[in-house]
Amino acid sequence: MRCLFLDPKGEAIKAREREESYTDGTLQTLTALNISMLTRLKSRLAPEAAKRLEIHVYDETIRFNILIVDGTTCVVQPYLPAARGVDSPTLVITDNTAADGLFPVFDQVFTSMWGGANPYDR
């Protein structure tokens, strides 16, 4: 499982807080909490299982929330500054290898972001 988060200590999350009119530190704290829950879970896993849970962070403008489920289905929610959560459209996309489609696009977006991210080791 690969989990990629906006870096809670980065500049992009501070910009997002300003853009969405959050109090300074709100998104930083929530993101750090999410990462902390995963790192605690990872510490409790058997060594073989723990190796399969990777956590990385990136410091770029957020554009999409992407969840790739099984290599053939993804759930994508665009980041829209004026529309959060349920107000932002959610797309469920399946891979149809017989035709071009959106799945390979979002798979490439995630893969590219992952490649430029840093392992979380704080």
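Sequence positions are assigned chain by chain, starting from 1 and proceeding in written order. Local features are withheld for residues below a pLDDT of 70 in this predicted model, meaning they are given only at 70 or higher, and side-chain atom pairs are given and counted only at 80 or more; totals for whole chains, interfaces and linings count all residues. Just so you know, side-chain values use all the structure's heavy atoms and leave hydrogens and water out.

### A few points about the packing of aromatic side chains
Line of reasoning, step 1. Note on aromatic pairs: the rings of Phe, Tyr and Trp (six-membered ring only in Trp) are paired at centre separations within 6.5 Å, and the planes decide the class, stacked below 30 degrees, edge-to-face beyond 60, tilted for the rest. Taken as a whole, this structure holds 2 aromatic pairs when the rule is applied.
Line of reasoning, step 2. Consider the rings of Phe-64 and Phe-106, whose centres lie 5.0 Å apart with planes at 80°: the pair is edge-to-face. Here Phe-64 is found in strand 3 (residues 64-68), whereas its partner Phe-106 is found in helix 4 (residues 103-116), with 42 residues between them in sequence.
Line of reasoning, step 3. Summarising the aromatic geometry, the rings of Phe-110 and Trp-114 are spaced 5.9 Å apart at their centres and angled 25° between planes, so their arrangement reads as stacked. A residue pair is termed a helical-turn pair when its members lie 3 or 4 positions apart in one helix, as Phe-110 and Trp-114 do in helix 4 at 4 residues. Neither Phe-110 nor Trp-114 differs from the other in exposure class; each is buried.
Line of reasoning, step 4. A cation sits over an aromatic face here: Arg-2 above Trp-114, 5.0 Å from the ring centre. A run of DSSP states H or I qualifies as a helix once it reaches four residues; a run of E qualifies as a strand once it reaches two. Both are numbered from the N-terminal end. Working definition: with a 1.4 Å probe on protein chains only, accessible area under 20% of the residue-type maximum means buried, over 50% means exposed, and in between means partly exposed. Think of it as a cone above the ring: NZ of Lys or CZ of Arg counts as a charge over the ring if it is within 6 Å of the ring centre and within 35 degrees of the ring normal.

### Thoughts on the environment of Ala-49
Line of reasoning, step 1. As for its placement among the helices and strands, Ala-49 is situated in helix 3 (residues 47-51).
Line of reasoning, step 2. Along the primary structure Ala-49 and Gln-108 are separated by 59 residues, whereas in three dimensions their C-alpha atoms are 26 Å apart.

### Quick notes on the sheet that holds strand 5 (residues 91-94)
Strand pairing in a sheet is mediated by backbone hydrogen bonds. Such pairs are either parallel or antiparallel.
Line of reasoning, step 1. As summarised here, the arrangement of the 3 strands in space is 3-4-5, forming an open sheet in which the pairing is antiparallel. In this open sheet, the two edge strands, each paired with only one partner strand, are strand 3 and strand 5. Direction aside, neighbouring strands of the sheet carry axes that sit 20° apart on average.
Line of reasoning, step 2. Think of it this way: DSSP has to see at least two bridges between two strands before they count as a pair. In this sheet, strand 5 lies alongside strand 4 (residues 73-78) in antiparallel orientation, the contact comprising 4 bridges. By the bridge assignment for strand 5, Val-76 is matched with Leu-91.
Line of reasoning, step 3. Contacts were defined at the residue level, with two residues in contact if any of their heavy atoms lie within 4.5 Å. Axes here refer to lines fitted to C-alpha atoms; in helices the fit is confined to the stretch in contact. Angles between the N-to-C directions go from 0 to 180 degrees. Contacts from helix 4 reach strand 3, strand 4 and strand 5 within the one sheet, and its direction differs from that of strand 3 by about 105°.

### Details of the environment of Asn-65
Line of reasoning, step 1. With respect to the helices, strands and loops of the structure, Asn-65 is situated in strand 3.
Line of reasoning, step 2. With relative accessibility at 43%, the residue Asn-65 sits in the partly exposed group.
Line of reasoning, step 3. When the C-alpha atoms of Asn-65 and Phe-5 are compared, they prove to be 9.6 Å apart, with 60 residues separating the residues in sequence.
Line of reasoning, step 4. Among all residues touching Asn-65, those that are not within four sequence positions of it are Val-75, Val-76 and Gln-77.

### Observations concerning the packing of helix 1 (residues 11-19) against helix 2 (residues 26-44)
Line of reasoning, step 1. Running from N to C, helix 1 and helix 2 point in directions that differ by 125°, and their axes come no closer than 8 Å. Overall, the two elements helix 1 and helix 2 adopt an arrangement that is oblique. Counting all contacts with helix 1, which are made through Ile-13, Lys-14, Arg-16 and Glu-17, the residues of helix 2 involved are Thr-26, Leu-27, Gln-28 and Thr-31.
Line of reasoning, step 2. Per-class residue counts for the contact of helix 1 with helix 2 are 2 nonpolar, 3 polar and 3 charged. Working definition: roughly parallel below 35 degrees, roughly antiparallel above 145 degrees, roughly perpendicular at 65 to 115 degrees, and oblique for all remaining angles. Residues are grouped as follows: nonpolar covers Ala, Val, Leu, Ile, Met, Phe, Trp, Tyr, Cys and Pro; charged covers Asp, Glu, Lys and Arg; every other residue, Gly included, is treated as polar.

### Observations regarding the nonpolar core
Line of reasoning, step 1. Residues belong to a common nonpolar core when they are buried Ala, Val, Leu, Ile, Met, Phe, Trp, Tyr or Cys residues joined through side-chain atoms within 4.5 Å. Judged by nonpolar contacts, Leu-6, Ala-12, Ile-13, Leu-27, Tyr-58, Ile-62, Tyr-79, Met-113 and Ala-117 together constitute the single largest core of 9 residues.
Line of reasoning, step 2. Once residues within four sequence positions are removed from consideration, Tyr-79 is found in contact with Arg-16, Glu-19, Glu-20, Ile-62, Arg-63 and Phe-64.

### Description of the pattern of salt bridges
Line of reasoning, step 1. Counted as salt bridges are all cases of a side-chain nitrogen of Lys or Arg within 4 Å of a carboxyl oxygen of Asp or Glu. What the rule picks out here adds up to 3 salt bridges.
Line of reasoning, step 2. For Glu-11, the salt bridge goes to Lys-14, with nearest N and O atoms at 3.4 Å. Here Glu-11 pairs with Lys-14, and both are found in helix 1, just 3 residues apart, close to one helical turn.

Function-wise, these values are silent; they only describe arrangement.
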